[in-house]
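So you can see what is in the structure, the chains are spelled out below.
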Amino acid sequence: MKKITIAVDGYSSCGKSTMAKDLAREIGYIYVDSGAMYRAVTLFALEHGIIQGDHIDEERLRQEMPGIEIAFRFNPERGRPDTYLNGTRVEDRIRSLEVSNHVSPIAALGFVRQEMVRQQQRMGLEKGIIMDGRDIGTTVFPDAELKIFVTASAEVRARRRYDELTAKGETCDLEEILHNVQERDYIDTHRDISPLRQAADAVVLDNSHMTIPEQREWLRAAYERVAGE
Ligand code: DC
């Protein structure tokens with residue numbers, strides 16, 4: 001099998017990360033959750049008072065950007081990488097509803113995207129990488145050998161996020177989550193820079209009615225088809 005680059009893009013909470021992580025582990029590839037990077041920047045902004053209510057102090061964030069260091073370290077207990085912000089593990093905190101509610105406007109800022117894309121491209125220099133996000137097949141790795149575009153209905157995705165948060169003991173409201181999912185879809189697809197869109201050469205996967213093992217098999221077959229050519 002040749003070493004390739006795999007780009008997985010799609011809407012929020014559509015199970016991209018789960019299938020991408022599983023494939024990475026099976027085939028020994030590096031897995032990068034690019035959404036975690038935008039979430040880590042958002043957490044930083046929340047913790048440093050850069051976000052106040054709905055207002056973002058863009059100038060301060062721009063100044064702080066060089067001091068925001070995001071890294072991934074493999075956690076053998078979970079069998080997946082954890083996200084670190086300036087040396088501190090933030091894997092759980094970046095998944096909170098508060099971060100989810102503020103991440104889209106942060107991810108729409110040009111100077112934030114520029115820095116994240118630069119770091120992502122550096123991670124992919126040697127191929128053997130699977131990265132998921134919104135603009136991986138279009139902007140970060142336009143030459144990726146395999147591009148997947150994942151989609152599922154907003155209701156199915158809200159229910160998945162609800163189950164995930166409840167399992168972690170967070171109290172949440174399904175309606176509020178559905179609203180959050182729809183709002184993020186809108187911002188992600190309508191922003192000026194790198195909006196979420198399907199690359200012309202991407203393969204579409206609608207997983208609304210698929211189980212996790214079915215998705216895993218689908219992705220593995222797609223990988224083998226391309227890497228075995
Ligand atoms: O995949 P996620 O829900 O963890 O992503 C969090 C946010 O980051 C989401 O609003 C979209 C944004 N994002 C992005 O703009 N570009 C990426 N490559 C990945 C995520």
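Within any chain, residue numbers begin from 1 and follow the written order of that chain's sequence. This being a predicted model, a pLDDT of at least 70 is required before a residue's local features are given, and a value of 80 or more before pairs of side-chain atoms are given or counted; all residues contribute to the totals for chains, interfaces and linings. The basis for every side-chain value is the complete set of heavy atoms in the structure, and neither hydrogens nor water enter the calculation.

## Looking at the overall build of the chain
Inclusion rule: Only DSSP runs of H or I covering at least 4 residues are called helices, and only runs of E covering at least 2 are called strands; the numbering of each starts at the N terminus. The globule rule used for comparison is 2.2 Å times the number of residues to the exponent 0.38, while the radius of gyration itself is calculated over C-alpha atoms. Residue contacts are defined here by distance: any two heavy atoms, one from each residue, within 4.5 Å place the two residues in contact. In these tables, accessible area is a Shrake-Rupley quantity obtained with a 1.4 Å probe, and a residue counts as shielded only by the protein chains included in the view. Neither His nor the chain ends contribute to the count of charged residues, in which Lys and Arg are positive and Asp and Glu negative. The atom standing in for a charge is NZ when the residue is Lys, CZ when it is Arg, CG when it is Asp and CD when it is Glu.
A tally of regular secondary structure across the chain gives nine helices and 10 strands. A compact globule built from 229 residues would reach a C-alpha radius of gyration of about 17 Å, and the chain, at 17 Å, matches this within 12%. By principal-axis analysis of the C-alpha atoms, the chain measures approximately 50 × 40 × 35 Å. Sequence-distant contacts, at least 24 apart, represent 73% of the contacts inside the chain between residues at least 6 apart. When the accessible surface of the chain is summed, it comes to about 11000 Å², and 49% of that surface belongs to carbon and sulfur atoms. Counting 31 positive and 39 negative side-chain charges, the chain places the averaged centre of each group 4 Å from the other.

## Remarks on the packing of aromatic side chains
The description of an aromatic ring pair rests on the distance of the ring centres and on the angle between the ring planes. Our working definition: When two rings of Phe, Tyr or Trp (its six-membered ring) have centres within 6.5 Å they constitute a pair, described as stacked for plane angles under 30 degrees, edge-to-face for angles over 60, and tilted for the intermediate range. Partly exposed describes any residue whose relative accessible area lies between the buried limit of under 20% and the exposed limit of over 50%, with all areas from a 1.4 Å probe on protein chains only and scaled to the type maximum. Counted as over-ring charges are cases with an Arg CZ or a Lys NZ within 6 Å of the ring centre that also lie within 35 degrees of the ring normal.
Inspection of every chain in the model, using the stated rule, returns two aromatic pairs. Ring centres of tyrosine 11 and phenylalanine 149 lie 6.2 Å apart, and the angle between their planes is 75°; on these two criteria the pair is classed as edge-to-face. Here the residue tyrosine 11 occupies a position in the loop between strand S1 (5-10) and helix H1 (16-27), and phenylalanine 149 occupies one in strand S9 (residues 146-151), the gap between them amounting to 138 residues. Overall, the relative accessible area of 23% leaves tyrosine 11 in the partly exposed class. Directly above the ring of tyrosine 84 sits arginine 73, whose terminal nitrogen or CZ lies 3.9 Å from the centroid.

## Here's the deal with the sheet that holds strand S7 (residues 88-89)
Condition: Pairing between two strands requires that DSSP report at least two bridges joining them.
Here we have three strands laid out as an open sheet, ordered S5-S6-S7, and antiparallel in their pairing. A strand with exactly one partner marks an edge of an open sheet, and here the two such strands are strand S5 (70-75) and S7.

## Focus on the pairing of strand S6 (residues 80-85)
Across a regular strand the side chains alternate sides, sitting on one face of the sheet and then on the other. A large share of S6 lies buried, amounting to six of its six residues. Across six bridges, the pairing between S5 and S6 is antiparallel. Pairing of isoleucine 70 across the sheet is with leucine 85, part of S6. Remark: four residues form the turn of the hairpin made by S5 and S6, two consecutive strands paired antiparallel; glycine 79 in that turn has positive phi of roughly 70°. As paired strands, S6 and S7 are joined by two bridges and run antiparallel to one another. Following the sheet pairing, leucine 85 is matched in S7 by threonine 88. Linking S6 back to S7 in an antiparallel pair, the connection comprises two residues, with asparagine 86 at a positive phi of about 45°.

## Some details on the sheet that holds strand S2 (residues 30-33)
To keep things clear, this is the line we draw: Helix axes are fitted to C-alpha atoms over the stretch in contact, other axes to C-alpha atoms as well, and angles between N-to-C directions run from 0 to 180 degrees.
Here we have five strands laid out as an open sheet, ordered S2-S8-S1-S9-S10, and parallel in their pairing. The open sheet has two free edges, formed respectively by S2 and strand S10 (203-206), since each of these has just one partner strand. Neighbour to neighbour, the strand axes of the sheet diverge by 20° on average, direction disregarded. Pairing of S1 with S9 involves five bridges; the strand directions are parallel. Within S9, the residue paired with valine 8 across the bridge is isoleucine 148. The strands touched by H1 within the sheet are S1, S2, strand S8 (129-133), S9 and S10, with S8 carrying the most contacts at an inclination of about 175°.

## Here's the deal with the site of the ligand
The criterion, for reference: In these notes, residues near a molecule or strand are those with any non-hydrogen atom within 4 Å of it. Here a polar contact is taken to be a pair of N or O atoms separated by no more than 3.5 Å, where protein atoms must pair a possible hydrogen donor with a possible acceptor and residues adjacent in sequence count only if both atoms sit in side chains.
By nearness alone, 18 residues border the ligand, and Arg39, Ser104, Arg113, Asp135 and Arg191 come closest of all. Arginine 39 has a polar side-chain atom sitting 2.7 Å from an oxygen atom of the ligand. Of all the secondary structure elements, the ones that give two or more residues to the shell around the ligand are helix H2 (34-47), helix H4 (97-107) and helix H8 (174-190). By residue number, the principal contributor to the shell around the ligand is H2, which donates four residues.

## Examining unusual backbone geometry
Peptide bonds are, in most cases, trans, and in most cases residues other than glycine have a negative phi. Positive phi, normally seen in glycine, also occurs at serine 13, with a value near 55°. On the secondary structure map, serine 13 appears in the loop between S1 and H1. Phi is positive for lysine 127, close to 60°, though the residue is something other than glycine. Along the polypeptide, lysine 127 turns up in the loop between helix H5 (110-123) and S8. You can call lysine 127 partly exposed: its relative accessible area is 33%.

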